[in-house]
Amino acid sequence: MAVLDVIQTPAFQQRFFFLAKRFIAGETVAQAMDAVAVINAQGMTATLDFLGEDVIARPEAERTRDAYFELLEAIRARGVETNVSVKLTAMGLLVDEDFALANLRSVLQAASHNRDPFVRIDMEGSAVTDATLRIFERAYAETRNVGPVLQAYLKRTPADVEHMIALGARVRLCKGAYSEPADIAYKDMPAIRSHYLRSAESLLERGNYPGIATHDERIIAAVETFTRERGIGPERFEFQMLYGVRPELQRRLVSDGYRVRVYVPYGTHWAGYFYRRITERRENAFFALRSMLHR
Ligand SMILES: Cc1cc2nc3c(=O)[nH]c(=O)nc-3n(C[C@H](O)[C@H](O)[C@H](O)COP(=O)(O)OP(=O)(O)OC[C@H]3O[C@@H](n4cnc5c(N)ncnc54)[C@H](O)[C@@H]3O)c2cc1C
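A quick note: this is a predicted structure, and the numbers were derived from the prediction, not measured.

Caption draft 1: Representation of the packing of helix H5 (residues 58–78) against helix H6 (residues 97–111) within the structure. In the contact formed by H5 and H6, the axes pass within 9 Å of each other and the chain directions differ by 10°. With respect to H6, the axis of H5 lies roughly parallel. Contacts between H5 and H6 involve Arg58, Ala61, Glu62, Arg65, Tyr68, Phe69, Leu72 and Arg76 on the former and, on the latter, Phe99, Asn103, Ser106, Val107, Ala110 and Ala111.

Structural data, given as structure tokens:
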């Protein structure tokens, strides 16, 4: 059995939530609201993600959609500054594209009552890149309150960046968190970083309020210099970081006058997300192992 199969079992997830706690705000909406309130108090906004992915049954996708209704209502009631992020495979993309679009539409409709009505569509593995962008464009034809994520490690991304700039879409740019083959993705960090920067510069100069999603200090420093030199004010973009990752850097950017949004995942289906966080940083795997041994 592969590691991901083991951590995806309900028994593991019930017993070992303490391992994931550093990266996940909690298992309930109330805990997610508390985490966002703390983030807001530190001068940052958030985007909330109800954890789950790769759903293959309609009822489960509908439960995810309903969880977003509950979440959006809680955001209104609590008055916190946050929008939401969704994964289309949690909304039924692997079942049927039209079905996933219908679920996304109802989330967008529910979000339209919120102070921040924006819904971000996370980008998943390359098997669903085209379908995700197709659904994004169909939703975007109906409302501007939706935006995609582009992954700098994919060789196709510069073309996607240009297309999104032409559409005027709000893009989140990240490096990419999935294991992709070398024919479609850059595998070494210097190449990923330089492609990230090139796409970031295009989005910063000509795009619509891009989300610069990274904890990479070299990229962040380059973006700070680029925007300063080109006269791109801090109101024209935002930095985005993950809950529990580099909190001191988040605070430093806020105190330097930048906008920072924190991606806050919550819920009981944390295995896939947690697995990506521990496999992208060797120290996190050691940290998880140490926590298990010292319990
Ligand atoms: C707001 C946000 C949204 C994202 N959305 C998506 C998405 O939709 N699709 C997708 O494929 N990927 C997404 N990602 C993940 C992204 O693709 C990367 O996998 C992740 O951000 C790590 O890359 P990095 O740019 O931070 O650089 P890295 O080179 O990985 O990290 C730079 C430094 O940041 C710190 N760091 C980074 N990651 C961790 C970690 N897990 N634990 C502890 N320290 C860490 C370390 O100090 C590291 O040296 C998102 C990331 C962010 C910040």
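Caption draft 2: How the structure looks around the side chain of Thr214. Summarising the element assignment, Thr214 is placed in the loop between strand E6 (211–213) and helix H10 (217–230). The class for Thr214 is buried, based on a relative accessible area of 5%. Once residues within four sequence positions are removed from consideration, Thr214 is found in contact with Lys175, Tyr196, Ile219, Ile220, Gln240 and Met241.

Caption draft 3: The arrangement of the packing of aromatic side chains in detail. Under the counting rule described, the total for this entry stands at 8 aromatic pairs. Considering the side-chain rings of Phe50 and Tyr68, the 6.3 Å spacing of their centres and the 85° angle between planes classify their relative orientation as edge-to-face. Taken together, the residues span a long stretch of sequence, with Phe50 in strand E1 (residues 45–50) and Tyr68 in helix H5 at a distance of 18 residues. Each member of the pair Phe50 and Tyr68 is classed as buried. Geometrically, the ring pair formed by Trp270 and Phe274 is edge-to-face, given 5.5 Å between the ring centres and 85° between the ring planes.

Definitions and limits used
Residues numbered from 1 in each chain as written. Predicted model: local features only at pLDDT ≥ 70, side-chain atom pairs only at ≥ 80, totals over all residues. Heavy atoms only, no water. Axes fitted to C-alpha atoms, helices over the stretch in contact; angles between N-to-C directions. Helix = DSSP H or I, 4+ residues; strand = E, 2+ residues; numbered from the N terminus. Parallel < 35°, antiparallel > 145°, perpendicular 65-115°, else oblique. Contact = heavy atoms within 4.5 Å. Buried < 20%, exposed > 50% of the residue type's maximum accessible area, 1.4 Å probe, protein only. Phe/Tyr/Trp six-rings, centres within 6.5 Å; stacked < 30°, edge-to-face > 60°.

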